[in-house]
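# Fold and geometry: a report
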Amino acid sequence: MRTVIDSKKPAWITLAVALVFNTLLLSAQTSKHFDTSFVRVWLLASLGPFEKLVDAGVEGVENIWTGYIDLIHVHRDNEKLLAENGQLRMELSQKSEDALEIARLRQLMDLRARPIGKTVVARVIGKDPSQGGQNMTIDKGTKSGIGRDVTILTSDGVVGRVISSSDYFSVVQLITDSQSAVGFIVRSSRRLGILKGTGGAELEMVYIDDDNDIKQGDELITSGQDQIYPKGISLGTVLSVGPRQGNFKIVRIRPSVNFGHLEEVLCMTDHLPEVPTGQAP
Amino acid sequence: MKERITTYGLIGKFALSLIAVVVIQGILAYRIRVFEYFDMPLILSIYYGFTLGRPVPSVIIGTSIGLLQDSLSGVPMGTNGFSKTLIGYLAATAGSKFDVDLPVTRAIAIFLFTVGDGFIISLLGLMTGFAANSSYDLLWKWIVTGVFNAFLGMLMFGYHDRVTHAAS
């Protein structure tokens, strides 16, 4: 190794070898004949434990702060939460009655309740270390049944999909990533379309012409037509319907999920064709 | 034998610092949002390029850190590897031929390397079909990251200078 580093040969030879190596790696990924995913999996498997270790350390410090030091408003918050809890209990009791009624009606109409598919809870342990990257790392991998294209969600809506997995770690592409595309339905009008990530905090509808009834505030859910995300999960709300630029209008969407505060996520390892939540009445 | 242990120790030290920087960048970008605007692996490539002033190890460090960064990203493997290789080489060449001890020179160099890194990554993205579809804020992002990196780089280089002077 010392001979390589201290080599008297011109440095451009090393540069050329390194650049050719990276170019070949890039080319191999655009070709369907070579599978280079093992390189990513191997590196992810090596980096994952370090990332989890550092994350656990940071979380420990945070827990000490929030659990012991930062307790100034706890009494006031406790009283407020108790009041809220009472109100929520009353609402829950009312909703339970509604649920029973829906179950009876389903039975009458011979409809089966469609449960959500099998899910695994994972913890977010890191974010994309590249400039402006929209990916994150979670602490579950193929050993937990998580592989490529597994849908990642929270109770608020769709987070993204898995793009690579090692045994114990996975990289998730957020729906805001510029390479991400999701099929949607407008909840009220049932109009179908495609949402793309912008690489920023928002999403954008594509191929929207003047002949549409999409308006600000419309809620969007997954359509299931992309064969990746199951139907009926909340995606976001229309933020603005811009003027026509070229052939199409610019329609911006605010995602349902706050990507800045993700800690735990659900991984749908075995999703069913449709998810009942968020479907149109 | 002792020389071999020293060499392995040196390689181990470099490897650990590369892993640490990529992992810390990922954790900090997730925990503290402002760190999304920093690119610590890039700063480390420039840092080693300037301080070692030897192109061969700088190229190896650039490739390794770039590939580690790619493994936690959505971009194709080799994107950051290619960019950081080139930047490591250019930083080492600049470090051996020019006086990069002046803080202003370093800050300008880090800024320019950051913009160059963004440009190379976008270009490779276009060539491989992984380009960002909306580039309206791309240049703005490079400039902001360049300013942030220049600031953090100054702190890192300043710390390095103090440690070096204290040792000598």
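Residues numbered from 1 in each chain as written. Chains lettered and ligands numbered in written order. Predicted model: local features only at pLDDT ≥ 70, side-chain atom pairs only at ≥ 80, totals over all residues.

Okay, the nonpolar core next. With 88 residues, the main nonpolar core has A:Ile152, A:Val158, A:Val159, A:Val172, A:Val265, B:Val22 and B:Ile46 as its most contacted residues. Excluding anything up to four places from it in sequence, A:Val159 contacts A:Ile152, A:Leu153, A:Thr154, A:Val172, A:Leu174, A:Val257, A:Leu262 and A:Val265. (Core = buried A, V, L, I, M, F, W, Y, C linked by C-beta atoms within 7 Å. Buried ≥ 20, exposed ≤ 12 C-beta atoms within 10 Å, placed from the backbone. Contact = placed C-beta atoms within 7 Å.)

Bringing the confidence of the model for chain A into the picture now. The predicted model of chain A averages 81 in pLDDT, with 87% of residues at 70 or higher. Predicted confidence is poor over residues 273-281 of chain A, with pLDDT under 50, and the contacts of this stretch with residues over four places away or in other chains come to 23 contacts. (pLDDT = per-residue confidence, 0-100.)

Low pLDDT means the predicted coordinates in that region are not meant to be read closely. Looking at chain B, pLDDT values average 84 and 92% of them are 70 or higher. Complex prediction metrics read pTM 0.73 and ipTM 0.86.

The subject of this paragraph is the pairing of strand E5 (residues 170-174) of chain A. A regular strand places its side chains on the two faces of the sheet in alternate fashion. All names here are of chain A. Taken across its five residues, E5 has five buried, putting it largely inside the fold. A two-sided burial pattern is seen for E5, the buried positions comprising Ser170, Val172 and Leu174 on one face and Val171 and Gln173 on the other. Pairing of strand E4 (residues 157-165) with E5 involves five bridges; the strand directions are antiparallel. Residue pairing across strands places valine 162 opposite valine 172, the latter belonging to E5. (Helix = DSSP H or I, 4+ residues; strand = E, 2+ residues; numbered from the N terminus. Pairing = 2+ DSSP bridges.)

Moving on to the domain arrangement of chain A. Interface size, as often reported, equals the accessible area lost upon joining of the parts. The assigned domain composition of chain A is domain 1 (75-114) and domain 2 (181-270). If you average the C-alpha positions of domain 1 of chain A and of domain 2 of chain A, the two centres end up 29 Å apart. (Domains from an automatic or database assignment.)

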